Amino acid sequence: MNDLKINESLTNFDFVEKTMAQISKDFNRCGLEVEFELNTLIPIKEDLTNQIASRLIRLSAMELQQLIYTVDLQENKFLNAVTMNDDFKTLANEILKREALKVFIRSNYSE
């Protein structure tokens, strides 16, 4: 699923809700209680990326590792993202894409 497809899917309210639920579920599975609220003044992808990044900043190294494992983010994407000096925005974007992919697959390929 490429960025164009993600941006397209994130215009569908049902898809956005399912993606936010998936992100919350994976955070919660790591013992991290989070809820996401959309700001209608900011594009959805940017808003969710910012919200995820603001939560990542507060995590310990161990919590972050557990979350990355739970999200099932590829190691190379994780390593590339954490080398960026952008307050976790690249990593948050990678997490958003991975979680959106989970929702996309479940919505389109489950029975």
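Calculation notes
- Residues numbered from 1 in each chain as written.
- Predicted model: local features only at pLDDT ≥ 70, side-chain atom pairs only at ≥ 80, totals over all residues.
- Heavy atoms only, no water.
- Phe/Tyr/Trp six-rings, centres within 6.5 Å; stacked < 30°, edge-to-face > 60°.
- Buried < 20%, exposed > 50% of the residue type's maximum accessible area, 1.4 Å probe, protein only.
- Lys NZ or Arg CZ within 6 Å of the ring centre and 35° of its normal.
- Axes fitted to C-alpha atoms, helices over the stretch in contact; angles between N-to-C directions.
- Helix = DSSP H or I, 4+ residues; strand = E, 2+ residues; numbered from the N terminus.
- Left-handed = near helix turned anticlockwise from the far one by under 90°.
- Contact = heavy atoms within 4.5 Å.
- Core = buried A, V, L, I, M, F, W, Y, C linked by side-chain atoms within 4.5 Å.
- Expected span 1.5 Å × (residues − 1).
- pLDDT = per-residue confidence, 0-100.

Student: Run through the packing of aromatic side chains, naming residues and quoting values.
Tutor: Tallying each qualifying case throughout the model produces 2 aromatic pairs. Aromatic side chains Phe 27 and Phe 36 sit 6.3 Å apart centroid to centroid with 70° between the ring planes, which places their arrangement in the edge-to-face category. For the pair formed by Phe 27 and Phe 36, the shared burial category is buried. Aromatic pair Phe 104 and Tyr 109: ring centres 6.5 Å apart, planes at 70°, arrangement edge-to-face. A residue is classified by how much of its surface remains accessible, and Phe 104, at 18% relative accessible area, is buried. Classification of Tyr 109 as exposed rests on a relative accessible area of 63%. Sitting over the ring of Phe 36, Arg 55 keeps its end group 4.7 Å from the ring centre.

Student: Tell me about the packing of helix H3 (residues 44–56) against helix H6 (residues 89–109), and name the residues and values.
Tutor: Between two packed helices, what matters for the description is the angle formed by their axes and the separation of those axes. Following both chains from N to C, one finds H3 and H6 inclined at 115°, their axes separated by 8 Å at the closest point. At the point where H3 passes H6, the crossing takes the right-handed sense. Taken together, the residues of H6 that come into contact with H3 (itself represented by Lys 45, Leu 48, Thr 49, Asn 50, Ile 52, Ala 53 and Leu 56) are Lys 89, Leu 91, Ala 92, Asn 93, Ile 95 and Leu 96.

Student: Report on the nonpolar core, specifying residues and quantitative values.
Tutor: In terms of nonpolar packing, the biggest core is built from 30 residues, with Phe 27, Phe 36, Ile 52, Leu 56, Leu 67, Leu 91 and Ile 95 touching the most fellow members. Going through the elements one at a time, helix H2 (13–29), H3, helix H4 (61–71), helix H5 (75–82) and H6 are the ones with two or more residues in this core. The greatest single-element share of this core, amounting to 7 residues, is contributed by H6. Sequence-distant contacts of Leu 67, that is, excluding residues within four places in its chain, are made with Asp 26, Phe 27, Cys 30, Leu 56, Leu 59 and Ile 95.

Student: I'd like to hear about H3, residue by residue, with values.
Tutor: Between its first and last C-alpha atoms H3 spans 18 Å; for 13 residues at 1.5 Å apiece the expected length is 18 Å, and the two agree. Of the residues making up H3, those classed as buried are Lys 45, Asp 47, Leu 48, Thr 49, Gln 51, Ile 52, Ala 53, Arg 55 and Leu 56. Tucked inside the fold, the buried residues of H3 contact helix H1 (3–9), H2, H4 and H6.

Student: Mind laying out the confidence of the model for the protein, listing which residues take part and the relevant values?
Tutor: With 98% of its residues at a pLDDT of 70 or more, the protein has an overall mean of 91. Predicted confidence in the protein is weakest over H1, with a mean pLDDT of 79, and strongest over H4, with 95.

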